[in-house]
Number of protein chains: 2
Amino acid sequence: MSEPGIQEVKAVEEATTAASTNTPAPTGETPVAEGETPAGPTKGELKKRAKEAEKAKKAAERAAREEEERKKREAKESQDNAKQNYGKLPLHQSQERNGRKFLKFTELSEASVGQRVVFRARMHNSRAQGAKIVFLGFRQQTHTLQGVLVVSGEKDENQVSKQMLKFAQLIPSESIVLVEGIIKSAEVKSCTITNYEVGIHKLFTAVEVGDLPFSIDDASRAEADFERAENDENLQFSRVALATRLDSRVMDLRTPTNQAIFRIQSAVGQLFRDYLNSQGFIEIHSPKLQGAATESGASVFKVQYFNSTAFLAQSPQLAKQMAIAGDMERVYEIGPVFRAEDSNTHRHMTEFMGLDLEMAFEEHYHEVLEVLDEMLKNIFRGLKENYKHEIETIKKQFPHEDFLFLDETLKLPFKEGIKMLKEAGAKGSDGQELGELDDLSTENEKFLGRLVREKYHTDYFILDKFPLAIRPFYTMPDPTDETLSNSYDFFMRGEEILSGAQRVHDMDFLIERMKSVGIDPNSMQGYLDAFKLGAPPHAGGGIGLERVVMLFLKLGNIRRASLFPRDPKRLTP
Amino acid sequence: MSEPGIQEVKAVEEATTAASTNTPAPTGETPVAEGETPAGPTKGELKKRAKEAEKAKKAAERAAREEEERKKREAKESQDNAKQNYGKLPLHQSQERNGRKFLKFTELSEASVGQRVVFRARMHNSRAQGAKIVFLGFRQQTHTLQGVLVVSGEKDENQVSKQMLKFAQLIPSESIVLVEGIIKSAEVKSCTITNYEVGIHKLFTAVEVGDLPFSIDDASRAEADFERAENDENLQFSRVALATRLDSRVMDLRTPTNQAIFRIQSAVGQLFRDYLNSQGFIEIHSPKLQGAATESGASVFKVQYFNSTAFLAQSPQLAKQMAIAGDMERVYEIGPVFRAEDSNTHRHMTEFMGLDLEMAFEEHYHEVLEVLDEMLKNIFRGLKENYKHEIETIKKQFPHEDFLFLDETLKLPFKEGIKMLKEAGAKGSDGQELGELDDLSTENEKFLGRLVREKYHTDYFILDKFPLAIRPFYTMPDPTDETLSNSYDFFMRGEEILSGAQRVHDMDFLIERMKSVGIDPNSMQGYLDAFKLGAPPHAGGGIGLERVVMLFLKLGNIRRASLFPRDPKRLTP
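Keep in mind the model is a prediction, meaning the values are calculated, not measured.

What counts and how
- Position labels on residues start from 1 in each chain and follow its written sequence.
- For this description, chains carry letters from A and ligands carry numbers from 1, given in the order in which they are written.
- Local features in this predicted model are restricted to residues of pLDDT 70 or higher, and side-chain atom pairs are both shown and tallied only at a pLDDT of 80 or more, whereas totals for entire chains, interfaces and linings draw on every residue.
- With hydrogens and water excluded, all non-hydrogen atoms of the structure serve as input to the side-chain values.
- Burial classes: relative accessible area under 20% of the type maximum marks a residue as buried, over 50% as exposed, and values in between as partly exposed (1.4 Å probe, protein chains only).
- Counting from the N terminus, the helices are the DSSP runs of H or I reaching at least four residues and the strands are the DSSP runs of E reaching at least two.
- Starting at the helix axis, one direction is taken to each C-beta atom, and the arc is that of these directions.
- Aromatic rings from Phe, Tyr and Trp, taking only the six-membered ring of Trp, are treated as a pair when their centres fall within 6.5 Å; an angle between ring planes under 30 degrees marks them as stacked, one over 60 as edge-to-face, and anything in between as tilted.
- Only when the NZ atom of a Lys or the CZ atom of an Arg is both within 6 Å of the ring centre and within 35 degrees of the ring normal do we say a charge sits over the ring.
- Here, a salt bridge means any Lys or Arg side-chain nitrogen found within 4 Å of an Asp or Glu carboxyl oxygen.
- Between any two strands, pairing holds if DSSP finds at least two bridges.
- pLDDT gives the predictor's per-residue confidence on a scale running from 0 to 100.
- By definition, residues are in contact when any of their heavy atoms lie within 4.5 Å.
- Simply put, the buried area is the total loss of 1.4 Å probe accessible area from both parts when two parts are fitted together.
- Any pair of N or O atoms that falls within 3.5 Å is considered a polar contact. Within protein, one atom must be able to donate a hydrogen and the other to accept it, and sequence-neighbouring residues count only if both atoms are side-chain atoms.

1. Re helix α14 (residues 525-532) of chain A
Residues and elements named next belong to chain A. Those residues of α14 not exposed but buried are Tyr527, Leu528, Ala530 and Phe531. Buried residues of α14, seen end-on, are gathered within an arc of 150° and therefore sit on one face of the element. Just past α14, the residue Gly534 takes up positive phi, approximately 95°.

2. Some remarks on the packing of aromatic side chains
Per the counting criterion, the structure on display carries 46 aromatic pairs over all chains. When the centroid spacing of 5.8 Å and the interplanar angle of 90° are considered together, the rings of Phe306 of chain A and Phe301 of chain B count as edge-to-face. Linking Phe306 of chain A in the loop between β9 (302-305) and β10 (308-312) with Phe301 of chain B in the loop between β8 (289-290) and β9 (302-305), this pair reaches from one chain into another. Residue Phe301 of chain B is classed as buried on the basis of its relative accessible area, which comes to 1%. With a centroid separation of 5.0 Å and an interplanar angle of 80°, the aromatic rings of Phe380 of chain B and Tyr460 of chain B are classed as edge-to-face. Note that Phe380 of chain B is positioned in helix α9 (residues 366-386) and Tyr460 of chain B in strand β14 (residues 460-464), a separation of 80 residues in sequence. Among the residues examined, Tyr460 of chain B registers a relative accessible area of 0% and is labelled buried. Each member of the aromatic cluster is reached from another via a ring pair, and the members are Tyr365, Phe380, Phe403, Phe405, Tyr460, Tyr488, Phe490 and Phe552 of chain A. Arg239 of chain A extends its terminal NZ or CZ atom over the ring of Phe226 of chain A, reaching a point 4.2 Å from the ring centre.

3. Notes on the pattern of salt bridges
Opposite charge on two side chains allows them to pair when their charged atoms are near. Scanning the entire structure with this criterion turns up 84 salt bridges over all chains. Glu433 of chain B is paired through a salt bridge with Lys427 of chain B; the nearest N and O atoms lie 3.5 Å apart. Residue classification places Lys427 of chain B among the partly exposed residues on the basis of a relative accessible area of 44%. Salt bridges linked by common partners bring Arg122, Arg139, Glu174 and Arg254 of chain A together with Asp327 of chain B together as one network.

4. Thoughts on the pairing of β14 of chain B
Residue and element names in this part refer to chain B. Summarising burial for β14: five of the five residues are buried, a large majority. Taking every second residue as pointing to the same face, both faces of β14 are buried, with Tyr460, Ile462 and Asp464 on one and Phe461 and Leu463 on the other. Relative to β14, strand β13 (residues 410-413) is paired through four bridges, and the arrangement is parallel. Directly across from Leu412, in β14, lies its bridge partner Leu463. Where β14 lies against strand β15 (residues 487-492), five bridges are found, and the strand directions are antiparallel. Along β15, the bridge assignment pairs Leu463 with Asp489.

5. Some thoughts on the confidence of the model for chain A
Residues and elements named next belong to chain A. Averaged over all residues, the pLDDT of chain A is 89; the fraction at 70 or higher stands at 91%. Across chain A, the element-wise mean pLDDT spans from 81 in helix α1 (residues 43-79) up to 98 in strand β7 (residues 282-283). Of the regions scoring below 50 in pLDDT, residues 1-37 engages in 41 contacts with residues more than four places distant in sequence or in other chains. Taken over the whole predicted complex, pTM reads 0.86, whereas the ipTM for its chain interfaces reads 0.86.

6. Description of the interface of chain B and chain A
When the parts of a complex come together, some accessible area is lost, and that lost area is often taken as the interface size. Every contact between the two is made by 108 residues of chain B and, on the other side, 108 residues of chain A. Both faces combined, the contact of chain B with chain A buries some 9000 Å², and carbon together with sulfur accounts for 58% of it. Between Glu329 of chain B and Lys104 of chain A there is a salt bridge, with its nearest N and O atoms 3.7 Å apart. For the pair chain B and chain A, the number of links is 64 residue pairs in polar contact (both at pLDDT 80 or more). For the side of chain B that touches chain A, the element with the highest residue contribution is helix α7 (residues 256-278) of chain B, accounting for eight residues.

In structure tokens, the structure reads:
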């Protein structure tokens, strides 16, 4: 464990040493004897000649002296005592391990000032100031730190040569660099870290990068920047289209906004689980390969399964219910959900993450509705409390009003929702008067979201008691009003994020319900089998992870909340 | 919020009231006047007749009195003052909500003694003792509680009638019942809860169940029980085959063993995440629908994707690496992995849960190996500390030696493993001498597991530095020995549960590696694209969730560790 690895560079490329070799030679006067006359020289002439010869000699001597000095100077310069402090690292094959701690920018504090540190970062940008200073921007995820490289004359181990400066300037953006230097207090405007910078002593490229599809800066701009540019001749920004970003998603993911979005996405899953674990749930994993199409309705992807056909699960609905019939009491699943629907909207994908839960309840399905509600509020609170930095980072590119929710969630009967809409003048999608048992159009859902926000000051509420006719056959009817059902939707910013219900747990009644909506019970024997052995009363719901993220952060398009989105037209990367 | 729901039964079936209606009528003598003679009666004859008439009258009166008493007695019996205390509940449609707390058996303690409780449970079994007592076994997941129902003469609200006793005896096993009663101290042998029982006052069926494919008791037997039965004429147990169980998985899941297995499975996922979250990882979700087959090698399922073809991801390998190239630094994913391999073994499934992680490292891939190791030890410790009850429950059916692991995990160089095997006389699968660069057969892996357990007293160890030739092309070669690689496998009880490596992160070198193993780089442009933009040095690994569960608990077949297993021959339920 002798020297830190950064000093043990085995192959330093000297790409920048050619820079000083084109210096023109000094142009001392060297007299040329022109055409001589046959007559002998006069005394004055001789004297003159001697004088000139003396002069030429001195000039030659001077030139030689100058040439020698120039060579010395050049030799001195090309010697480059900073060679060991920069260059390209060899391929990282885990050659050695010295246990040196690498700095994370998030760890920087007053205590760091004066400390010598090593870190790895992306080369974000660089800017020269005169011939002897270069400012470099280093990036780690959502943070950028300014580095300063100053040519120094000292011949100590920290020497920075002109060659090193040139090397630094030529490092392509997005290359991964290994930096050693000293943290200093500073006032910095162009980086996210504004109170510190690093004085660079060593600078190596670990991974060099070629042409970029777009720059991180361009990909990070807010709409407001473009509006600003429209009114300012000196500003010119390129807009990176969503499709371009998704085509080069690896590049796109590096923007601070995306770094923050996917930390939020991860947090939503954790908060979902944390709450449910505290309520005695267990996590299950149900198969996505199904022998028969689950649920009727949504289209289903077919899979070639050896010599037969399988289907991709459109929801874990049946599996969750089977787990309940299997006495697991309270279960949740986080897994992919597949929908073979040719929907090309801002909020549909062919594959998304379902956060699903199912729960046996005791007296009333509202026990489940309340668990779902508390779980969601736990997510909202967790994000607000622990992800401020990420939310603020995202707001810079996608400005939005903070997500509003109440301590006591508004639970609106469906009929009440319709009433509010009617009073506000909403019509059905056919232009007709809204009926109490009509389904809500996407437009009316959004409208209702606005009305609720105005009246109750919340972006989050529950619609309960949906009409039976517009819910799936396995939905339990209301015990007193047979036109209604024990079912609910949850809304965020006027868009549905969760749909759920008490399920029919009695096989005979399930058959009756199937028949009443025209489904042949024989066609769903697998579903019925699960209830033949007895299932307790249960209810549940399913949430789209990406929708929650999109709506909480108001990203405007669900693809921005999916790592590698899939839609009818996109299967890569 | 007036009365507790259990008292508000609206439709009580009186299935048992018919029992006393067949009692034969009393056979009092009623004299019949036979053929009369024409001559007038003598005086003696008249006297005799009068006496007989008197006798007949008295007999008739007695008969009438007896008939009346019988009717009274019958009426009294059929009155059944316990009617309100038992019966079948109407379909649970969330009719009302009284906020009554239902008991979980796990909550029972000394403080419960003397308390009146309500609970829901499965009817596990029942056994009559004489005409007035029935013992009922109630089951909640892994616990059974004895209930005692005693016919009582008192006419108070807790009255238990003969009819109620009959009703209780006729409840089919596995029905869901709602029970109200008083907890008593007791010594119980036939239930898992041995120190309490419940004195039953009310008993309702919430969900009744028909024919069962097999009984929970049969499905819960250990191999030792069958061995015992072989030597004892009085014991006869039916063995429930794995296929039968899986066909009726809902039933099978109710065994205490399975209840415990899936809590352990859930715990493994939680412990995996908990450790990685504490190490700065974030959870990602990568698409299972792929535009091209990821990785070469294992066969892949084809999906009909609108007018084109998609493939089911065989691993999140590429997605994880892209996330690292996208600066996410440390990521993990828990998701389904699909393998279209026609393998019908105890440890292969066509769909299983992958616990995958990928991590940028600083100096050496052993940083990642150590994270993987600590993560696994965190799982083992968490299970041992917090899932004792579940492990003990499973041991009853699947006895096994406790899983051994060391505080400091054994890291064995691959060569060292081969040496141990050779010294113990192991041969290659071709019967030839084992070579230092040969792959390990499944048999030799198991053999090595036994040798390691003997020598180092551990069921868990790491093999490091696998020969390069037997690892995928994207594996980073060792920096000093080009026949070796920076790759590792982790073993539990002699079976591989994790495979991983440092990956080649340099595009040019990746192309070189592809060519050297005969892969056309153009055929994997998508893979290469991810590295064109620069990825830091990284390593990772993938774990099969079900394998960890199977091997930790020594279940013998991976299907036992999967909720609804999928193999080439099974797509349901």
